[in-house]
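# What the coordinates show
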Amino acid sequence: MTEKTADQRLAELGLTLPTAPTPIYTYVPFKRDGSTVYLSGQGPKLPDGTYAQGKVGKDVTVEEAAEHARLTGLYLLAVAKLAAGSLDKVEFLKLFGMVNAVPDFKDQPTVINGCSNLLVDVLGERGRHARSAIGMGSLPNGMTVEIEAVIKIHE
Amino acid sequence: MTEKTADQRLAELGLTLPTAPTPIYTYVPFKRDGSTVYLSGQGPKLPDGTYAQGKVGKDVTVEEAAEHARLTGLYLLAVAKLAAGSLDKVEFLKLFGMVNAVPDFKDQPTVINGCSNLLVDVLGERGRHARSAIGMGSLPNGMTVEIEAVIKIHE
Amino acid sequence: MTEKTADQRLAELGLTLPTAPTPIYTYVPFKRDGSTVYLSGQGPKLPDGTYAQGKVGKDVTVEEAAEHARLTGLYLLAVAKLAAGSLDKVEFLKLFGMVNAVPDFKDQPTVINGCSNLLVDVLGERGRHARSAIGMGSLPNGMTVEIEAVIKIHE
């Protein structure tokens, strides 16, 4: 980590964290177990409340989908901040990056890099993570990407 | 948690836990690491030993699939009880809810709610969990849903 | 565990661990949190550096795909050894076994057994794990299988 805070890095990148999703009756945006926190799957929620939709490799390009993954990463950061109090306590352990793609799609890693790169840009070394980047048959709301994560909180 | 035990809640719901699956040579229904337990993926196993099959959004409705997710949740509870000794020691941390759906299916969350709601009905606050609810290309035996979980055991 | 080391078992099986993948800018082959280690998804990388490709159930048979899962398991073992220093300290907790299959494919468990059986052959009781074996819509490079894991390191 450099001496900059995560909030300073976000500001330098011209990024603002979106409002973290609120709990639903039976499931919640995150669940903490000691210093480990499981983050529920997030998607590319647009300012109007809808989600970026379509099949990557047909309706949506790799570049567009990578932007959606970056937007999804902002939601993961928002939930992580809610869980930890400050992003400077957060380390990402693992991402599971899901792309709503056509059956012959091959470039899931480039799509999910949109999220992975953001995490390192904002959190530095603590943003580096284990991951899988894979293609789903379908996703909620027809959205293009969904990403879940496991993080660690350093107190 | 109210003062009712999980077993009392199950009885009030008219539910009986099925027999937990037995270990296979190389993999097991659950694996414990300290207080954390990883539960293998479970599916909607019917009384005759077969699984509810079909593609959700074509062969199977959302309502039917939600019932299958609820049945799958009973198997997760059965394995959790086997791991913990008593369901009153169990907290669900995370679900990964997989729906065997057609490519344009959009309502995975409603399907997986069949399981999520059951967990809260039986375990109360400790049933609330982080989750993803997503669509798979295919599932074993052609079954409609498969759900895996991470739980915590409170001693 | 018998008295044989994991390396002795590998030698008896005529197997050599491949070179573990190297870290990329934003994500890494494994991430450690205490004694728990998350392994990034691995695939069936061939000696020429390409991956075994195709849709299981159409281009690729179950038997071929199980061989690919076994090869993928060797990569998971290579990363686990890198993380732990010695395979004799490694216990597998959980596998998520993903098969790049046609929509009506039903035999994901037999495919992933190629990896699961290898882990027990090499690690004995510590190779037994919780798992899900499921079908994906698509995978990176069009590869036939991808498997990620959570392991525990015994010091």
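Just so we're clear, the structure is a prediction, and the values are computed from it rather than from any experiment. One numbering rule holds for all chains: residues counted from 1, following each sequence as written. Ligands are numbered from 1 and chains lettered from A, in the order in which they are written. Reporting of local features is limited, given that this is a predicted model, to residues whose pLDDT is at least 70; pairs of side-chain atoms are given and counted only at 80 or more, and all residues count toward the totals for whole chains, interfaces and linings.

### Brief notes about the overall build of chain A
The cut-off we apply is this: For helices the rule is a DSSP run of H or I covering at least 4 residues; for strands it is a run of E covering at least 2, with both sets numbered from the N terminus onward. Each residue is represented by a C-beta atom placed from its backbone, and any two residues with such atoms within 7 Å are regarded as in contact.
When you go through chain A residue by residue, the secondary structure sums to 3 helices and 5 strands. Listing every helix and strand of chain A by position from the N terminus yields α-β-β-α-β-α-β-β. In terms of principal-axis extent, the alpha carbons of chain A reach across some 45 × 35 × 30 Å. Across chain A, contacts joining residues at least 24 apart in sequence account for 81% of those joining residues at least 6 apart.

### Here's the deal with the pairing of strand E1 (residues 30–33) of chain B
On any regular strand, side chains alternate: one points to one face of the sheet, the next to the other face. Residues and elements named next belong to chain B. So the rule is basically this: Note on pairing: DSSP must find at least two bridges between two strands before they are called paired.
Relative to strand E2 (residues 36–42), E1 is paired through 4 bridges, and the arrangement is antiparallel. Paired with Phe 30 across the bridge in E2 is Leu 39. In this structure, the hairpin formed by E1 and E2 is closed by a connection of 2 residues, where Gly 34 is found at a positive phi of approximately 65°.

### Examining the interface of chain A and chain C
We count it as follows: Under the scheme applied, nonpolar residues are Ala, Val, Leu, Ile, Met, Phe, Trp, Tyr, Cys and Pro; charged residues are Asp, Glu, Lys and Arg; polar residues are all the others, including Gly.
Every contact between the two is made by 27 residues of chain A and, on the other side, 21 residues of chain C. Among the secondary structure elements, those contributing two or more residues to the side of chain A that touches chain C are strand E3 (90–100), helix H3 (108–123), strand E4 (130–136) and strand E5 (145–153) of chain A. By residue class, the composition of the side of chain A that touches chain C is 12 nonpolar, 9 polar and 6 charged.

### Topic: the packing of helix H2 (residues 62–84) of chain C against helix H3 (residues 108–123) of chain C
Residues and elements named next belong to chain C. Rule in force here: Lines fitted to the C-alpha atoms define the axes, with helices restricted to the stretch that makes contact. Angles between their N-to-C directions range from 0 to 180 degrees. Any angle from 65 to 115 degrees is called roughly perpendicular, while one under 35 is roughly parallel, one over 145 is roughly antiparallel, and all others are oblique. Handedness of a crossing follows from how the near helix is turned relative to the far one, being left-handed for an anticlockwise turn of less than a right angle and right-handed for a clockwise one.
Running from N to C, H2 and H3 cross one another at 40°; their axes reach a closest spacing of 7 Å. In terms of axis orientation, H2 runs oblique to H3. Remark: the crossing between H2 and H3 carries right-handed chirality. Here H2 contributes Val 62, Ala 65, Ala 66, Glu 67, Ala 69, Arg 70, Thr 72, Gly 73 and Leu 77 to the contact with H3, which in turn contributes Thr 110, Val 111, Ile 112, Asn 113, Gly 114, Cys 115, Leu 118, Leu 119 and Val 122. Of the residues contributing to the contact of H2 with H3, the split by class is 11 nonpolar, 5 polar and 2 charged.

### Re unusual backbone geometry
Residues and elements named next belong to chain B. The test is simple: Exposure classes come from backbone-placed C-beta atoms, where a residue is buried if 20 or more other C-beta atoms lie within 10 Å of its own, exposed if 12 or fewer do, and partly exposed in between.
Positive phi, close to 60°, is recorded for Asn 141, a residue that is not glycine. By secondary structure assignment, the location of Asn 141 is in the loop between strand E4 (130–136) and strand E5 (145–153). Asn 141 sits in the partly exposed class, given 18 other C-beta atoms within 10 Å.

### With respect to the relation of the copies chain A and chain C
Spelled out, the test is: Overlaid copies result from least-squares superposition on C-alpha atoms, with residues included only where pLDDT is at least 70 in both.
When chain A is fitted to chain C, the residual RMSD is 0.0 Å, and the transformation amounts to a turn of 120° plus an axial shift of 0.0 Å. One copy is carried onto the other by what is essentially a three-fold rotation axis. Measuring from the rotation axis to each C-alpha of chain A, the shortest distance belongs to Gly 137 of chain A, at 2.5 Å. With a heterologous cut-off of 20% or less, the 7% of interface residues of chain A that recur at the interface of chain C puts this contact in the heterologous class.

### Considering the relation of the copies chain A and chain B
Superposing chain A onto chain B takes a rotation of 120° plus a shift of 0.0 Å along the axis, which leaves an RMSD of 0.0 Å. Interface overlap between copies is the fraction of interface residues in one copy that are interface residues in the other; for chain A against chain B it is only 10%, indicating separate surfaces.

### Regarding the interface of chain A and chain B
With 21 residues of chain A at the contact, the number on the chain B side is 27 residues. Only strand E1 (30–33), strand E2 (36–42) and E5 of chain A provide two or more residues apiece to the side of chain A that touches chain B. Tallying contributions element by element places E2 of chain A first for the side of chain A that touches chain B, with 4 residues.

### Some remarks on the sheet that holds E4 of chain A
Pairing between the strands of a sheet is mediated by backbone hydrogen bonds and can be parallel or antiparallel. All names here are of chain A. With respect to topology, 5 strands assemble into an open sheet ordered E1-E2-E5-E3-E4, the strand pairing being mixed. A single partner strand is all that each edge strand has here, and the edge strands are E1 and E4. Put simply, the sheet's adjacent strands are angled 15° from each other on average, direction ignored. Pairing of E3 with E5 involves 9 bridges; the strand directions are antiparallel. Counted as the bridge partner of Glu 91 is Lys 152 from E5. Taken strand by strand, helix H2 (residues 62–84) contacts E1, E2, E3 and E5, and its axis lies near 35° from that of E5. Packed onto the sheet, H3 meets E3, E4 and E5 and runs at close to 160° relative to E3.

### A few points about the nonpolar core
Stated precisely, the cut-off is as follows: Take the buried Ala, Val, Leu, Ile, Met, Phe, Trp, Tyr and Cys residues, join any whose C-beta atoms are within 7 Å, and the set you get is a nonpolar core.
Counting 150 residues, the largest nonpolar core has Leu 39 of chain A, Leu 39 of chain B together with Leu 39 of chain C as the members making the most contacts within it. The contacts of Leu 39 of chain A, once residues within four sequence positions are left out, are Phe 30, Leu 76, Val 79, Ala 80, Glu 148, Ala 149 and Ile 151 of chain A together with Ala 130 of chain B.

### Concerning the sheet that holds strand E5 (residues 145–153) of chain C
All names here are of chain C. What the 5 strands build is an open sheet, ordered E1-E2-E5-E3-E4; its pairing is mixed. One side of each edge strand has no neighbouring strand; the edge strands of this open sheet are strand E1 (30–33) and strand E4 (130–136). Strand after strand, the sheet turns through a mean of 15° between neighbouring axes, direction not considered.

### Focus: the pairing of E5 of chain A
Residues and elements named next belong to chain A. Most of E5 sits out of view: 8 of its 9 residues are buried. Pairing of E2 with E5 involves 5 bridges; the strand directions are antiparallel. By the bridge assignment, Val 37 is partnered in E5 with Ile 151.

### Brief notes about the environment of Phe 30 of chain C
Examined against the element boundaries, Phe 30 of chain C turns out to sit in strand E1. Here Phe 30 of chain C falls in the buried class, since 22 other C-beta atoms lie within 10 Å of it. Distance in space between the C-alpha atoms of Phe 30 of chain C and Asp 48 of chain C is 24 Å, their sequence separation being 18 residues. Non-local contacts of Phe 30 of chain C, meaning those with residues more than four positions away in its chain, are made with Ala 130 of chain A together with Val 37, Tyr 38, Leu 39, Ser 40, Val 79 and Ala 83 of chain C.

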